[in-house]
Amino acid sequence: MREKSLEYHSLHPKGKIQVVPTKPTRDSFDLSLAYSPGVAYPCLEIKENPDLVYEYTNKGNLVGIITNGTAILGLGDIGPSAGKPVMEGKAVLFKKFAGIDVYDIEVDAKDPDDFIKTVQMLEPTFGGINLEDIKAPESFYIEEELIKRMNIPVFHDDQHGTAIITVAGLLNAFEINGKRPSDVKLVICGAGAAGIAIAELVQHIGIRKEQIFLVDTKGVIHSERTDLNSTKQKYVQNTKARTLADAMQDADIFVGVSVADMVTEDMVKSMALNPVIFALANPDPEIPYAVAKQVRPDIIMGTGRSDMPNQVNNVLGFPFIFRGALDVRAKHITLEMKLAAARALAELARLEVPEAVSLAYGGEKFVFGPDYLIPKPFDQRVLYHVAPAVAEAAVQSGTARRPYPGREKYVSFLEGLMRA
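The rules behind these values
- Residues numbered from 1 in each chain as written.
- Predicted model: local features only at pLDDT ≥ 70, side-chain atom pairs only at ≥ 80, totals over all residues.
- Heavy atoms only, no water.
- UniProt positions renumbered as here; feature names shortened; annotations may be inferred.
- Helix = DSSP H or I, 4+ residues; strand = E, 2+ residues; numbered from the N terminus.
- Contact = heavy atoms within 4.5 Å.
- Polar contact = N/O pair within 3.5 Å; in protein donor to acceptor, adjacent residues only side chain to side chain.
- Domains from an automatic or database assignment.
- Buried area = accessible area lost by both parts, 1.4 Å probe.
- Salt bridge = Lys/Arg side-chain N within 4 Å of Asp/Glu carboxyl O.
- Nonpolar A, V, L, I, M, F, W, Y, C, P; charged D, E, K, R; others polar.
- Core = buried A, V, L, I, M, F, W, Y, C linked by side-chain atoms within 4.5 Å.
- Buried < 20%, exposed > 50% of the residue type's maximum accessible area, 1.4 Å probe, protein only.
- Pairing = 2+ DSSP bridges.
- Right-handed = clockwise from strand over helix to strand, strands pointing away.
- Patch = residues over 30% accessible without salt bridge, like charges linked within 9 Å, V, L, I, M, F, W, Y side chains within 5 Å.
- Areas by Shrake-Rupley, 256 points an atom, 1.4 Å probe, with all protein chains shown as cover.

Peer 1: Describe the UniProt feature "domain: Malic enzyme NAD-binding" (unreviewed entry) in the protein chain, listing the residues and the values that go with them.
Peer 2: This chain's UniProt record puts "domain: Malic enzyme NAD-binding" (unreviewed entry) on residues 159–395. Between the first and last C-alpha atoms of residues 159–395 the distance is 23 Å; the span itself is 41% helix and 10% strand.

Following this line, the structure appears as structure tokens:
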């Protein structure tokens, strides 16, 4: 895999993305329109009416993927240059799945305020900002400040993308096991950006805060600890549980956003009837899928792996969330938009799966149930379900600056976009 990957990335042209012109440049007249003197006319129009930047430039279909390299995948703080292949890969997914153009920007700034200032100054270029692979707790402050200061959507995918897909899976798990969100006990292993975002979002589908137990590298976040930052302090529980094993007793749901092999067979055995485990550590989950299923045949399980059922994969979220946000020129990505995306994904998984999706996965058949809670990334219907739901939620929550044409017309627009 190492050799094949290095060869893949180094073939000419180097890397995974490039910029190509979208207008003809066949002769000198075309060039006079593209550049001098013709380019002056859209410049002057935009000067008089700044909103026309969306009409005469690519801003309305352009997202900046921006990192400082402090939390790259499972590799940690490897720096902005070493993180660039990941940002290029994310750009490929934006284009492949939602037709969105991307510039990846790697910023050499570990100081959060330096990073914030840099990104803020880029607002004229982009229609939206996808923050990526920034370590917690700085990532919370960075995103919060940029949302306050900028009038385009800012979205830290490591937090919200994982949370949105997790919630989609949980909504369908409840549909299958019949449990009520208000009754369940949830354990989250990993109290970084993704873990905190999951804890925040699940409360909006009815899981009670007092039933959410966060576990970090030092154990359960409980009331006697004195080493907690302000973000973790929100999830302090008055409990005797100190270890992950303690917290797992009678838990209905385990969500892992930590590292491999954190969960033992005994922990799984100690969970409540019909438990849910989303073991999302990559490339190896907190407990192997086959081991967990053998220990508890009544389990509903998902991982972050594409070779196992129920892959919790952020690619089901960010391309389509930004697509919907960009197309109604949303100022922000709101809670309502995130929940709309999660519910749209859950609803799609309950529908009959077309043959084309099965063919994309080697002929495997998918039917809603314990082994198929979440749509597959190569299901083209995801775009046509999630983007409209997000756009509609943007209008309803008051952050949209452009009229929504209605679902039928918007889906027709999306179909044309993806054919182009």
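Peer 1: Any chance you could break down the UniProt feature "binding site: (S)-malate" (unreviewed entry) in the protein chain for me, citing the residues and the numbers?
Peer 2: Those residues carrying the UniProt feature "binding site: (S)-malate" (unreviewed entry) are Asn282 and Asn313 in this numbering. A compact arrangement is adopted by the annotated residues: their sequence extent is 32 residues, whereas the largest C-alpha distance between any two is 10.8 Å. Relative to the elements of secondary structure, asparagine 282 occurs in the loop between strand 9 (276–279) and helix 13 (289–295). With residues up to four places along the chain from it excluded, the contact list for asparagine 282 reads Gly304 and Arg305. At 2.9 Å, the side chain of asparagine 313 and the backbone nitrogen of valine 315 are in polar contact.

Peer 1: Could you give an account of the domain arrangement of the protein chain, with specific residues and numbers?
Peer 2: Once the domains are mapped, the protein chain shows domain 1 (1–22 + 58–152), domain 2 (177–303) and domain 3 (314–419). A separation of 29 Å is found between the C-alpha centroids of domain 1 and domain 2. Facing the four residues of domain 1 at the interface are five residues of domain 2. Across the domain 1 to domain 2 interface the summed buried area is about 310 Å²; carbon plus sulfur atoms make up 74%. It is Ala136, Pro137 and Phe140 in domain 1 that bury the most area against domain 2; as a group they hold 85% of the surface buried on that side. Our enumeration of links across domain 1 and domain 2 arrives at zero salt bridges. Linking domain 1 to domain 2 there are zero residue pairs in polar contact (both at pLDDT 80 or more). Tallied by class, the residues present in the side of domain 1 that touches domain 2 amount to three nonpolar, one polar and no charged.

Peer 1: How would you sum up the nonpolar core? Please name residues and give values.
Peer 2: Nonpolar side chains tend to gather and get buried jointly when the protein is soluble and globular. Counting residues in each nonpolar core, the largest one holds 82 residues, and the members touching the most others are Leu170, Ile207, Ile212, Leu214 and Ile253. Among the elements that line this core, the one with the most residues is helix 17 (residues 381–396), at 10 residues. If we ignore the near neighbours within four places in the chain, the residues touching leucine 170 are Val202, Ile205, Ile207, Ile253, Val276 and Phe278. Val187, Phe213, Ala241 and Ile287 belong to the second largest nonpolar core, which has 23 residues in total.

Peer 1: Can you break down the side chain of glutamine 311 residue by residue, with the values?
Peer 2: The residue glutamine 311 is located in the loop between strand 10 (300–303) and helix 14 (318–327) in this model. Only 3.1 Å separates the side chain of glutamine 311 from the backbone oxygen of glycine 304, close enough to count as a polar contact. Here glutamine 311 is in contact with Thr303, Gly304, Arg305, Ser306, Leu316, Ile374 and Pro377, once residues within four sequence places are set aside.

Peer 1: Lay out the pairing of strand 5 (residues 186–189) with the relevant residues and their values.
Peer 2: Side chains of strand 5 alternate between two faces, with Leu186 and Ile188 and Val187 and Cys189 buried alike. In this structure, strand 5 lies alongside strand 6 (residues 212–216), joined through four bridges in parallel fashion. Within strand 6, the residue paired with valine 187 across the bridge is phenylalanine 213. Handedness of the crossover joining strand 5 and strand 6 through helix 9 (residues 193–202) is recorded here as right-handed. Across four bridges, strand 5 lies against strand 8 (residues 253–256) in parallel orientation. Residue pairing for strand 8: isoleucine 188 is matched across the bridge by valine 255.

Peer 1: Could you give an account of a nonpolar patch on the surface, with specific residues and numbers?
Peer 2: Taken together, the side chains of Leu73, Leu75 and Ile78 make up a nonpolar region of the molecular surface, amounting to roughly 300 Å² of accessible area. Residue placement: isoleucine 78 occurs in the loop between strand 1 (62–67) and helix 5 (80–98). Judged by relative accessible area, isoleucine 78 falls into the partly exposed class, the value being 32%.

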